[in-house]
Amino acid sequence: MQALKGKSVLILFGTWCHDSEREVPRFLKLADASGVRLRQLQLVAVGLDKKDPAGLAQQYNLLYTPTIIVMDNEQELYRMIERPKGPLALDLQQGLQRAQE
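Residues numbered from 1 in each chain as written. Predicted model: local features only at pLDDT ≥ 70, side-chain atom pairs only at ≥ 80, totals over all residues. Heavy atoms only, no water.

Draft legend 1. Structural view of the overall build of the protein chain. The helix and strand tally for the protein chain stands at three helices and four strands. When the elements of the protein chain are put in sequence order from the N terminus, they spell out β-α-β-α-β-β-α. A compact globule built from 101 residues would reach a C-alpha radius of gyration of about 13 Å, and the protein chain, at 13 Å, matches this within 12%. Counting across all 101 residues of the protein chain, residues that qualify as buried make up 41%. Nonlocal contacts in the protein chain, meaning residues at least 24 apart in sequence, comprise 62% of its contacts between residues at least 6 apart. A distance of 3 Å separates the average location of the 13 positive side-chain charges in the protein chain from that of its 12 negative side-chain charges. (Helix = DSSP H or I, 4+ residues; strand = E, 2+ residues; numbered from the N terminus. Rg over C-alpha atoms; globule rule 2.2 N^0.38 Å. Buried < 20%, exposed > 50% of the residue type's maximum accessible area, 1.4 Å probe, protein only. Contact = heavy atoms within 4.5 Å. Lys, Arg positive; Asp, Glu negative; His and termini not counted. Charge placed at Lys NZ, Arg CZ, Asp CG, Glu CD.)

Take a look at the structure:
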């Protein structure tokens, strides 16, 4: 989770989505337990049509929920869609490492 230090995170999720019900609380608990300081954390709930009033879901081409997008200075570094490939913290770390290569 330390790889997220100083980064912005946008989480697009659906309250109706079982993957969101599992992954969003898991992410929030990990971020809290790690003590990592994010630049910004934005949670955006979308409807069944995968749209939100502010248009962020469309702006970020949301296809599946949840989608966790890690950004640095408005540049997307990594996107986790629906579920991690392994442990969430490891998935985020490896994704960010690949982005920096």
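Here the narrative resumes.
Draft legend 2. Looking closely at the nonpolar core. Counting residues in hydrophobic clusters, the biggest one holds 16 residues, and the most contacted among them are Leu4, Val9, Ile11, Phe27, Val70 and Leu92. Counting only elements with at least two residues in this core, the list comes to β1 (8–13), α1 (18–34), β3 (67–72), β4 (75–81) and α3 (88–100). When sequence neighbours within four positions are dropped, the list of residues in contact with Phe27 reads Met1, Leu4, Val9, Ile11, Leu41, Ile68, Leu88 and Leu92. In terms of nonpolar packing, the next biggest core, distinct from the first, is built from 10 residues, Leu10, Leu12, Ala57 and Met71 among them. (Core = buried A, V, L, I, M, F, W, Y, C linked by side-chain atoms within 4.5 Å.)

Draft legend 3. Geometry of the packing of α1 against α3. Viewed as axis vectors pointing N to C, α1 and α3 meet at an angle of 80°, and their least axial separation amounts to 10 Å. As far as their axial angle goes, α3 and α1 are roughly perpendicular. Residues Glu23, Arg26, Phe27 and Leu30 of α1 lie in contact with α3, whose contacting residues are Leu88, Ala89 and Leu92. Taken together, the residues of the contact of α1 with α3 sort by class into five nonpolar, no polar and two charged. (Axes fitted to C-alpha atoms, helices over the stretch in contact; angles between N-to-C directions. Parallel < 35°, antiparallel > 145°, perpendicular 65-115°, else oblique. Nonpolar A, V, L, I, M, F, W, Y, C, P; charged D, E, K, R; others polar.)

Draft legend 4. Local environment of a nonpolar patch on the surface. A surface patch of nonpolar side chains, amounting to about 220 Å² of accessible area, comprises Leu28, Leu41 and Leu43. Residue classification places Leu28 among the partly exposed positions, given a relative accessible area of 31%. (Patch = residues over 30% accessible without salt bridge, like charges linked within 9 Å, V, L, I, M, F, W, Y side chains within 5 Å. Areas by Shrake-Rupley, 256 points an atom, 1.4 Å probe, with all protein chains shown as cover. Salt bridge = Lys/Arg side-chain N within 4 Å of Asp/Glu carboxyl O.)

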